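# Examining the three-dimensional arrangement
Next come the chains, spelled out residue by residue.
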Amino acid sequence: MLPGGSDCVTIVTSRHRLRGLIASDAARPVPLDVLGPQDSTALLAAVLGPERVHAEPVAARRLAGLCDGLPLALRVAAARLADQPHQTLAAMAAMAAMADELSDTTRRLGLLDAEDTGVRAALHLSVRQLPPGAAHQLAHLGRHPGTHIDRGMAAALAGTAPAAAETALDQLAAAHLLTYGGPGRWTLHDLVRLYARDMDTDPDALARVLDHYIATGLAAARAAEDDGEPCFVTPPDFHRPLDVREFRGRDDAMAWYVAEREDLTLAAAASHAAALHSRTWRIVLAMWPLMVWRVLDGWTPLLRTALAAARADADPYAQARVLALLGWVLTEEGRTSEALPHLEAAPALAARSGDRSGQATALVNLSLAQAALGDLDQAARGCVQAAELARTAGDQPTERLALYHLSRHQLGAGQWRQALESTTAAAALQPPDAPSPSRVLLLAATGEALVGLGEETEGIRCLDEAAREAESCGYDDGAARALGALLQVSADETYRARYDTVRARLAVRS
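Note that the structure is a prediction, hence the values are computed from the model and not measured.

### Considerations on a nonpolar patch on the surface
On the surface, V12, L18 and L21 cluster together into a nonpolar patch covering about 220 Å² of accessible area. Tracing the backbone shows L18 in the segment before helix 1 (19-25).

### Looking at the packing of aromatic side chains
Scanning the entire structure with this criterion turns up 4 aromatic pairs. Geometrically, the ring pair formed by F247 and W256 is edge-to-face, given 5.7 Å between the ring centres and 70° between the ring planes. We classify W256 as buried; its relative accessible area is 7%. An aromatic cluster is present here, built from F247, W256 and Y257 joined pairwise through their rings. We note R261 situated over the ring of W299; from NZ or CZ to the ring centre the distance is 3.8 Å. Here the guanidinium or amino end of R294 rests over the ring plane of W293, the centre of that ring lying 4.9 Å away.

### Section: the nonpolar core
Counting residues in hydrophobic clusters, the biggest one holds 150 residues, and the most contacted among them are L130, L138, L178 and W281. At 12 residues, the largest contribution of residues to this core is made by helix 13 (residues 205-225). The contacts of L130, once residues within four sequence positions are left out, are A135, L138, L172, A175 and L177.

### A closer look at the sheet that holds strand 5 (residues 186-187)
With respect to topology, 3 strands assemble into an open sheet ordered 3-5-4, the strand pairing being antiparallel. The open sheet has two free edges, formed respectively by strand 3 (148-149) and strand 4 (179-180), since each of these has just one partner strand. Here 2 bridges tie strand 4 to strand 5, and the two strands are oriented antiparallel to one another. What sits directly across from T179, in strand 5, is T187.

Procedures and definitions
- Residues numbered from 1 in each chain as written.
- Predicted model: local features only at pLDDT ≥ 70, side-chain atom pairs only at ≥ 80, totals over all residues.
- Heavy atoms only, no water.
- Patch = residues over 30% accessible without salt bridge, like charges linked within 9 Å, V, L, I, M, F, W, Y side chains within 5 Å.
- Areas by Shrake-Rupley, 256 points an atom, 1.4 Å probe, with all protein chains shown as cover.
- Salt bridge = Lys/Arg side-chain N within 4 Å of Asp/Glu carboxyl O.
- Helix = DSSP H or I, 4+ residues; strand = E, 2+ residues; numbered from the N terminus.
- Phe/Tyr/Trp six-rings, centres within 6.5 Å; stacked < 30°, edge-to-face > 60°.
- Buried < 20%, exposed > 50% of the residue type's maximum accessible area, 1.4 Å probe, protein only.
- Lys NZ or Arg CZ within 6 Å of the ring centre and 35° of its normal.
- Core = buried A, V, L, I, M, F, W, Y, C linked by side-chain atoms within 4.5 Å.
- Contact = heavy atoms within 4.5 Å.
- Pairing = 2+ DSSP bridges.

Next up, the structure:
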């Protein structure tokens, strides 16, 4: 029985959303999020006393973070400290941090248990009330290496149809075991993830979600670059996902790469830790369009992980591809002496695996290191050989790449006419809908060649067009190259201002 009348208000609390109550009684939902850092430390202070918390503010914030802002977890942690006044907040946070780093679910969750009350007990009650499909999904979400979840990832993890996975995700969100993170995206609290890792799961869950990342990465690469054949084939034991995202074009694919970079890196790390080597290097190579677009974004550690996996996989194709990419990144970072051994090994490995396109790419990347060391003649010869290999393989995108870099070596040697001939030949192979970076670089090289031949007006026009297209699509490396060339022939202060702006962005990224 509830009192009636307009002066009475009833508050009903629940971990579940109580949609039936909303529908039948016009109840107004008031969703509550986890506590923020300030409120979390305030709750600790309410239990322990403000003096103790204020004496160790850094440790208090660290402890609050490890409790995920969950009031129950914070109260249990505070209760443990209240029972042991000699134990400082810093010591408590250190124990929880160690448990977190070691992924020791028993210990970390155990720190947040107090007799029959605690996070584990609360989560157990919630999970018992879940429909079987949602409980099955939660158990498999504990194997997810990333931070965000969509229906495709959830389906891959649980081995279910995408529609069933989406229903389960909605049920988990209704039980506040998942947090809605935007259209079609959810996140899992760390403590819920640790609990889920103790639930029974299919041993193939990790391999399935890694294969989902591989399939989506290949789709993104096709949309971003549209360079014909993919940079690798799927592994023999590949779990083909039922639901792979379709990208609307380059911008959509590049936005996905940027949004998912952290999760792709975590997926590669989880794959490497599980010795799933054939997945590790593929996940990393699938990110190559983002590496090309943002080459100075610190890719070396990730590529070294991919190289270790390719070697463990004893796959010369994979080793050649990774070595060529790693060597190129090191060259762009100014670490040419480190790059050279990788780049010199890549062409032979590609040839051994019958990968003529990969051999051509490796020769092009090697030529960049040779040019950086001052040997422009050898660099140019390597690009001529690369263009021929790509031509015999029927690989026009790689042939175009070789001709572009040949033009750059010719520009470096002051061979303006030959450079213009190379850019003209490369442009003849460029499709009308070529990705912006490809157009930008080729247009800038053409402009530099024209300026060298004395045709400054047309050369400046090409360079300005290249710079504007690069700026419009966020390709800062290309914009810096074009604007830098413009500053060699023009005193226009707007070029200087634009160049300084782009260089500042690149400095922040690197």
